[in-house]
Amino acid sequence: MTMQNDAYNFAYLDEQTKRMIRRAILKGLAIPGYQVPFASREMPMPYGWGTGGVQVSAAVLTPEDTFKVIDQGADDTTNAVSIRTFFERTAGVATTTTTRNATVIQTRHRIPEEPLTEGQILVYQVPIPEPLRFLEPRESETRKMHSLEEYGLMHVKLYEDIARHGHIATSYAYPVKVEGRYVMDPSPIPKFDNPKLGNMAAIQLFGAGREQRIYALPPYTQVVSLDFEDHPFVASKADHPCGMCGAEDSYLDEVIIDDAGGRMFVCSDTDYCEGRQTAGHKGKDAA
Amino acid sequence: MQADTLSGGFSDPARQSAHAFRSVREALGRPGTIQDISGARPPAPLSSAAGAALLTLCDTETPVYLAGNHDCDAVRAWLAFHTGAPPTGPTDCMFAIGTWAALGPLSAYPIGTSEYPDRAATLIVECPSLTTAGATLTGPGIQTSAALSLPELTAFQSNHALFPLGLDFIFTSGTRLAALPRSTVVTQEGAF
């Protein structure tokens with residue numbers, strides 16, 4: 001609290017900007033998976049560092065919230081630390097690294113391993129919100145494709161994966177269909193996290209600052225990863241237990257530990273891993 | 001009258017609107033739940049909940065339609081002073097406020113376009129009371145099913161049929177509010 005800087009409005013953004021973002025969030029919740037254009041502001045951090053997520057967090061935070069930020073699952077990376085400090089200073093909110101104690105969680109490219117609850121909000125940082133963008137560069141065309149539900153091109157892309165690699169090689173930012181209507185980019189989360197998108201108890205909000213789009217998944221929304229009958233979606237992960245906590249159900253990062261080809265696999269979700277280690281679980285690489 | 005116009009807004013806009021938005025967002029994100037919302041003391045016939053919602057969401061960029069008895073000098077002056085929202089008719093409003101009877105017919109409001117379904121009006125419906133009983137609601141935001149006292153059924157069913165186009169509704173009564181986005185499937189009580 002002593003760190004709070006009173007020179008800024010609560011949560012940094014001015015009230016008119018927050019109203020504009022809040023209106024976009026409401027329309028996003030009313031039309032799950034549809035990308036609502038919004039007048040994204042310059043933020044005191046570069047594009048690609050979560051300017052969209054930060055603006056959404058600023059619009060949803062209340063003074064009583066407890067805020068957590070993860071970057072690829074970790075609470076202690078530069079991006080996570082700087083955004084957490086940003087809101088400590090400008091909003092005076094309490095912060096935490098413990099998933100279950102947080103009411104608002106801003107994330108870059110992961111969904112926490114621990115299931116989220118009804119009192120929580122998950123805010124994603126999104127680099128490219130348009131799932132069709134790399135297939136069709138024109139916004140006028142992708143907008144038309146969404147309006148006509150013309151998603152054949154996306155299936156062609158997944159099919160070409162199979163033709164080239166024998167399986168769907170897309171491993172992150174894996175496209176999903178929301179409530180049988182909009183195809184949505186879940187942000188570059190690993191496809192391991194895709195099954196958690198649907199039927200989640202928490203509200204999920206997606207902010208793309210540079211691309212000026214906000215979209216949302218209300219709780220308990222139906223989200224289906226695109227696939228084929230003969231090539232069903234598989235939520236894959238590295239086929240190892242975590243080296244530190246021994247977890248076999250969590251998403252793993254591969255860490256190179258020497259220059260002789262040595263490596264270890266550890267949970268990408270640092271809070272989950274630490275929680276398990278505290279509870280006495282030990283992996284084969286734990287000291 | 002002048003004192004009424006100048007008072008009744010948020011005394012701490014940043015924090016009060018953050019709380020009010022949390023209520024609106026929870027209501028719209030979880031249709032069928034009833035949320036408390038406070039902070040506004042608007043002139044009659046505007047309810048406290050509707051006043052707080054307007055203060056939280058409206059400004060000079062959002063044309064507002066005041067329907068029926070809500071289109072009075074006291075409300076116009078209060079809304080103009082606290083939000084600056086330009087008053088307008090139903091055809092080009094972003095927000096509309098009134099009783100269910102005064103707001104109709106719904107065909108007058110913008111429902112968005114197929115490429116921009118977000119460009120649709122949000123109707124704030126002042127209700128005598130709100131209870132979690134009545135029409136059965138299913139859809140996004142609802143785990144199995146929910147119930148909400150709606151002023152009628154068919155209007156919301158035909159609105160949902162327009163999805164992804166359509167209107168979104170906020171129901172207000174006193175200091176409480178509920179919401180019904182266009183994505184919600186509305187059926188008769190006990191039909192689920």
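Residues numbered from 1 in each chain as written. Chains lettered and ligands numbered in written order. Predicted model: local features only at pLDDT ≥ 70, side-chain atom pairs only at ≥ 80, totals over all residues. Heavy atoms only, no water.

Asks: Explain the sheet that holds strand E5 (residues 135-138) of chain B here, please?
Replies: Strand pairing in a sheet takes place through backbone hydrogen bonds and is either antiparallel or parallel in direction. Residues and elements named next belong to chain B. If you trace the three strands from one edge of the open sheet to the other, you get E6-E5-E9, paired in antiparallel fashion. The open sheet has two free edges, formed respectively by strand E6 (146-148) and strand E9 (185-187), since each of these has just one partner strand. Recorded for the sheet is a direction-independent mean angle of 35° between the axes of neighbouring strands. Here E5 runs beside E6; their pairing, made up of three bridges, is antiparallel. If you follow Ala135 over to E6, its bridge partner there is Leu148. (Pairing = 2+ DSSP bridges. Helix = DSSP H or I, 4+ residues; strand = E, 2+ residues; numbered from the N terminus. Axes fitted to C-alpha atoms, helices over the stretch in contact; angles between N-to-C directions.)

Asks: What is the right way to look at the interface of chain A and chain B in this model?
Replies: How big an interface is tends to be reported as the loss of accessible area on association of its parts. Each partner contributes residues to the interface: chain A has 42 residues there, and chain B has 42 residues. Together, Arg23, Leu26 and Lys27 of chain A form the three largest contributors to the area buried by chain A at its contact with chain B, with a combined 19%. Between the two partners, chain A and chain B, sit six salt bridges. Linking chain A to chain B there are 19 residue pairs in polar contact (both at pLDDT 80 or more). Top element by residues in the side of chain A that touches chain B is helix H1 (residues 15-30) of chain A. It accounts for 11 residues. (Contact = heavy atoms within 4.5 Å. Buried area = accessible area lost by both parts, 1.4 Å probe. Salt bridge = Lys/Arg side-chain N within 4 Å of Asp/Glu carboxyl O. Polar contact = N/O pair within 3.5 Å; in protein donor to acceptor, adjacent residues only side chain to side chain.)

Asks: Looking at this structure, how should I read the pattern of salt bridges?
Replies: Pairing is possible between side chains that carry opposite charge, provided their charged atoms lie close to one another. Following the criterion strictly, the structure yields 27 salt bridges over all chains and no others. Between Glu149 of chain A and Arg181 of chain A there is a salt bridge whose closest N-O contact spans 3.5 Å. Taken as a pair, Glu149 of chain A in the loop between helix H4 (139-147) and helix H5 (152-165) and Arg181 of chain A in the loop between strand E6 (176-178) and strand E7 (182-184) lie far apart in primary sequence, 32 residues in all. Residue classification places Glu149 of chain A among the partly exposed positions, given a relative accessible area of 38%. A relative accessible area of 9% means that Arg181 of chain A is categorised as buried. A salt bridge links Arg25 of chain B to Glu26 of chain B; its shortest N-O distance comes to 2.6 Å. When sorted by exposure, Arg25 of chain B lands in the same class as Glu26 of chain B, which is buried. (Buried < 20%, exposed > 50% of the residue type's maximum accessible area, 1.4 Å probe, protein only.)

Asks: Help me out: how do you make sense of the environment of Ala11 of chain A in this one?
Replies: Residues and elements named next belong to chain A. Within the secondary structure, Ala11 is located in the segment before H1. For Ala11, a relative accessible area of 0% gives the class buried. Along the chain, Ala11 and Ala91 lie 80 residues apart, while their C-alpha atoms are 4.3 Å from each other. Residue contacts for Ala11: discarding those within four places in its chain leaves Lys18, Ala58, Phe87, Thr90 and Ala91.

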